[in-house]
Amino acid sequence: MFGRLIPSAYRPVLANRVFRRLILGFAVSYLGDGMSFVAVAWLAIELAPQAATGLWVGGAVAAYTLPGVVGALAFGRRLRRVPARRLLLADNTVRAVFLGAVPLAWLAGLLTPPLYVVVLAVSSLLHAWGSAGKYTMLAELLPDEQRLAANTLVSSVNFAATIAGPAIAGVLVTYVSSALVLGLDALTYLFLAVLIARTRLPDSREAEVSAVDQAAARGGLALLRSHPELLGLLTLTWFFNLLYGPVEVALPLHVTNDLHAPGTLLGLYWMLFGIGALLGGLAAGALRQLPLWPVTVGIVIGWGLSLLPFGFDVPTAVTVVCFAIGGAIYGPFVALSVTLMQAKSPPQHLAAMLAARSAALLTASPLGTAIGGPLTAALGPRATLGGSGLATVAVGVVACLLLLTRRRNP
């Protein structure tokens, strides 16, 4: 009876025993990441001196993600031939060890803002490789016709964890400790690492997929440059992700400095964003009948508009509702932009272009997060949030004008 409730596209994927184990591990790990949305910034607020809070929050949030770019570049020659399972295992082990060190240092009274940022940075060094290993493992595990369903399930689990994680963390940072929340995040990575260590895939197939991915990454940027429309899509997506980065820094400071509210409110913001993103992502299938370019550009403009109320002295309920609506607008963007690239790319070059897209976008959001710290310190959280929305709207309007010009002069 329960099986009849599951859409037919997902039944073969969920029938795979190894995939069921992996998605359980991903779900637990995503829940830890959802809690870290709140805990990483909140612990930085607790540790930092009041005069430099914005800088340390920006540094902490950036340290949790940005060093993955460094790891992708610095360890490329050594790790590019490592099987996907080992990459994912190494990433989760490093995450578990160094995030687990945060509550230990905090309990010992040794945790300072510089040490905190360094530990977060080391914990994220292999995260780009871990992400690549995850999707490569899914490609190795499942046949072509099941991969879309598998990726959709993994994305849905991620959005669901974005709903539950911040809500749980909002309560824990208020009544327990944000350092202990990061300890829980470390345990979720340890849980996933154990599952991966017990998962076996054919080594020969792992090596084959890794080699294909490396070849694709080398030629992808050159192919994108030869297709101006796809290069424009990548540019739009890069700036969209860049301008999202300051939101992760400014929002917790907006809650504490502007609203003088507890961590539960920050958890509420992210929980409602996650609910909106989940519903928006599930509704993306209905958008397939619409022109992909206009809808994609419309999402950029709509997300920017949802941030504008933060720049004004409006009731908190208004910004909470706008952030939830913004999540619904933001949610389908990745699926639509990838679908647009799939529709416009030459079939024989699709893998290369998607690999280049992933490599380029790896820098955008972490860079925006790093910029968000100084911006918040200089302008204040409210102005940073509103300014991010205004700049995003401007990027969307420019893309809209270029799109209209191109269609008038094909």
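Above this text you will find the structure in question.
Residues numbered from 1 in each chain as written. Predicted model: local features only at pLDDT ≥ 70, side-chain atom pairs only at ≥ 80, totals over all residues. Heavy atoms only, no water.

A few words on the overall build of the protein. Counting its regular elements, the protein contains 19 helices and zero strands. A sequence separation of at least 24 residues applies to 86% of the contacts in the protein between residues at least 6 apart. (Helix = DSSP H or I, 4+ residues; strand = E, 2+ residues; numbered from the N terminus. Contact = heavy atoms within 4.5 Å.)

Glancing now at the packing of helix α2 (residues 17-47) against helix α3 (residues 53-63). A pair of packed helices can be characterised by two numbers: the angle between their axes and the separation between those axes. Look at α2 against α3: their axes get within 9 Å of each other, and the N-to-C directions meet at 145°. By crossing handedness, the relation of α2 to α3 is classed as right-handed. Where α2 approaches α3, its residues V40, A41, A44 and I45 are matched on the opposing element by T53, W56, V57, A60 and V61. (Axes fitted to C-alpha atoms, helices over the stretch in contact; angles between N-to-C directions. Left-handed = near helix turned anticlockwise from the far one by under 90°.)

Let's shift gears to a nonpolar patch on the surface. Where nonpolar side chains cluster on the molecular surface, the patch consists of W106, L107, V171, Y175, V176 and L180 and spans about 620 Å² of accessible area. Secondary structure elements with two or more residues in the nonpolar patch: α6 (84-107) and α9 (144-175). Within the secondary structure, L107 sits in helix α6. (Patch = residues over 30% accessible without salt bridge, like charges linked within 9 Å, V, L, I, M, F, W, Y side chains within 5 Å. Areas by Shrake-Rupley, 256 points an atom, 1.4 Å probe, with all protein chains shown as cover. Salt bridge = Lys/Arg side-chain N within 4 Å of Asp/Glu carboxyl O.)

Our focus in this paragraph is the layout of surface pockets. Put simply, the second largest pocket is a space of about 290 Å³. Along its surface, the second largest pocket is lined by 13 residues, and G232, W293, A399, L402 and L403 are the ones closest to its centre. Among the secondary structure elements, those contributing two or more residues to the lining of the second largest pocket are α12 (228-258) and α19 (381-408). A per-class count over the lining of the second largest pocket returns nine nonpolar, two polar and two charged. (1 Å grid on protein atoms, 1.4 Å probe; cavity = no way out; pocket = protein on both sides within 12 Å on 5 of 7 lines; lining within 4 Å. Points joined across faces, edges and corners; volume = space filled by probe spheres on them. Nonpolar A, V, L, I, M, F, W, Y, C, P; charged D, E, K, R; others polar.)

Its location among the elements puts V122 in helix α7 (residues 113-123). Under the relative-accessibility criterion, V122 is labelled partly exposed at 27%. Here the alpha-carbon distance between V122 and V94, two residues 28 residues apart in the chain, equals 8.0 Å. When sequence neighbours within four positions are dropped, the list of residues in contact with V122 reads V94 and F98. (Buried < 20%, exposed > 50% of the residue type's maximum accessible area, 1.4 Å probe, protein only.)

Structurally, Y330 can be placed in helix α15 (residues 316-330). Judged by its relative accessible area of 17%, Y330 is buried. With 52 residues separating them in the primary sequence, Y330 and L278 have C-alpha atoms 9.7 Å apart. Among all residues touching Y330, those that are not within four sequence positions of it are F240, N241, Y244, F273, I299 and W303.

Another point: the nonpolar core. If you look at the biggest cluster of nonpolar residues, it comprises 69 residues, and the most contacted ones within it are Y116, W303 and F323. By size, the runner-up hydrophobic cluster in this structure holds 19 residues, among which are F26, M137, L138 and L153. (Core = buried A, V, L, I, M, F, W, Y, C linked by side-chain atoms within 4.5 Å.)

This part is about the packing of α6 against α7. At a closest axis distance of 8 Å, the pairing of α6 and α7 adopts a crossing angle of 165°. It follows that α6 is roughly antiparallel to α7 by the angle criterion. Crossing handedness for the pair α6 and α7: left-handed. Facing V94, R95, F98, L99 and V102 of α6, the residues of α7 in contact are Y116, V119, L120, V122 and S123. Grouping the amino acids of the contact of α6 with α7 by side-chain chemistry returns eight nonpolar, one polar and one charged. (Parallel < 35°, antiparallel > 145°, perpendicular 65-115°, else oblique.)

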